[in-house]
Amino acid sequence: MAAPMTDAHRRFLQILMSNGITEGSEARKLHQHCCEIDKVYYAHDKLDDFISTINSHLQPLFMQIRKGFSEDDGRAHYVVVNLVETEVTRMASDYTELELELFRRIMDLIILSENGFASSTDILNLADQLKTKKMKKKEAEQVLKVFVEDKWLSEKNGEYTLHTRCIVDMEQYILSHYQDVARKCYICHSLAIQSQVCESCGIAMHLPCVRKYFRGQTEPRCPKCNEFWSCDTPGVSRMGS
Ligand SMILES: [Zn+2]
Ligand SMILES: [Zn+2]
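Residues numbered from 1 in each chain as written. Chains lettered and ligands numbered in written order. Predicted model: local features only at pLDDT ≥ 70, side-chain atom pairs only at ≥ 80, totals over all residues. Heavy atoms only, no water.

- The name that an unreviewed UniProt entry assigns to the protein is Non-structural maintenance of chromosomes element 1 homolog, with the source organism given as Ficedula albicollis.
- Listed under Catalytic activity (unreviewed entry) in UniProt, the entry text for the protein is "S-ubiquitinyl-[E2 ubiquitin-conjugating enzyme]-L-cysteine + [acceptor protein]-L-lysine = [E2 ubiquitin-conjugating enzyme]-L-cysteine + N(6)-ubiquitinyl-[acceptor protein]-L-lysine." (UniProt positions renumbered as here; feature names shortened; annotations may be inferred.)

1. Some details on helix 3 (residues 47–58)
And step 1. The end-to-end C-alpha separation of helix 3 is 16 Å, in line with the 16 Å expected for 12 residues at 1.5 Å each.
And step 2. Within the sequence span of helix 3, burial applies to Leu47, Phe50, Ile51, Thr53, Ile54, Asn55 and Leu58.
And step 3. Against the buried residues of helix 3 lie helix 1 (7–19), helix 2 (24–37), strand 2 (63–69) and strand 3 (76–82). (Helix = DSSP H or I, 4+ residues; strand = E, 2+ residues; numbered from the N terminus. Expected span 1.5 Å × (residues − 1). Buried < 20%, exposed > 50% of the residue type's maximum accessible area, 1.4 Å probe, protein only. Contact = heavy atoms within 4.5 Å.)

2. Observations concerning the coordination of the zinc ion (ligand 1)
And step 1. Every protein donor of the zinc ion (ligand 1) is accounted for by Cys185 (SG), Cys188 (SG), His206 (ND1) and Cys209 (SG), and the metal-donor separations fall at 2.1 to 2.4 Å.
And step 2. When the donors of the zinc ion (ligand 1) are listed by position in the chain, the intervening gaps give C-x2-C-x17-H-x2-C. In this pair, Cys188 sits in the loop between strand 7 (183–184) and strand 8 (191–192) while Cys209 sits in helix 8 (residues 207–214), placing the two residues 21 residues apart along the sequence.
And step 3. Judged by relative accessible area, which is 34%, Cys188 ranks as partly exposed. (Donors = N, O, S within 2.8 Å, 3.2 Å for Na, K, Ca; no water.)

This is the structure in structure tokens:
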């Protein structure tokens, strides 16, 4: 039998759902806050247990609080995921059919790209190729902004990639829908959108995984084929350098 849900669990879940995505340290603070308000036993190192209690009650509803990691800095994040809707339709209540088509096309661009990014120019060029109906560039610009605000996309210097929220939420969908092109990280085995790829054997690694893996090594070599790792590895401090 799973431990019963308390008001603290329910409060925590509600806030997580309305946040869309919650960063790890934020979730720890929230855990403490909810337990204090509802006068429930609190231990700072018991967040995982607290969440797994919630998850056991969410299971019959085909929902789950899932933990994932930012591809930029490797920090943990939590997202409430709906296990039934495995497609972009989970966004359907918030967007029009036309906007969803644009989102799918943007996902194609990002996932089929070399580095996990699509430029705003390429994205805006999609606007008049949509099948549902053409979209004005101005309108597409506006929708793009909303995708970023809603944390489905994130933007860096005019280039767009999938937000951590989107990756955690849609990982299974992306892995099955883009079976032949979606890459998995050789180190942590999760979906890798922004990644470095070995020039010799083609394995992919997330940047935070690259940093962790090469830390303290004299020379960066591919963990699979042992060839020299030719990508830049910023933030890696190596012995003797
Ligand atoms: Zn990884
Ligand atoms: Zn290799």
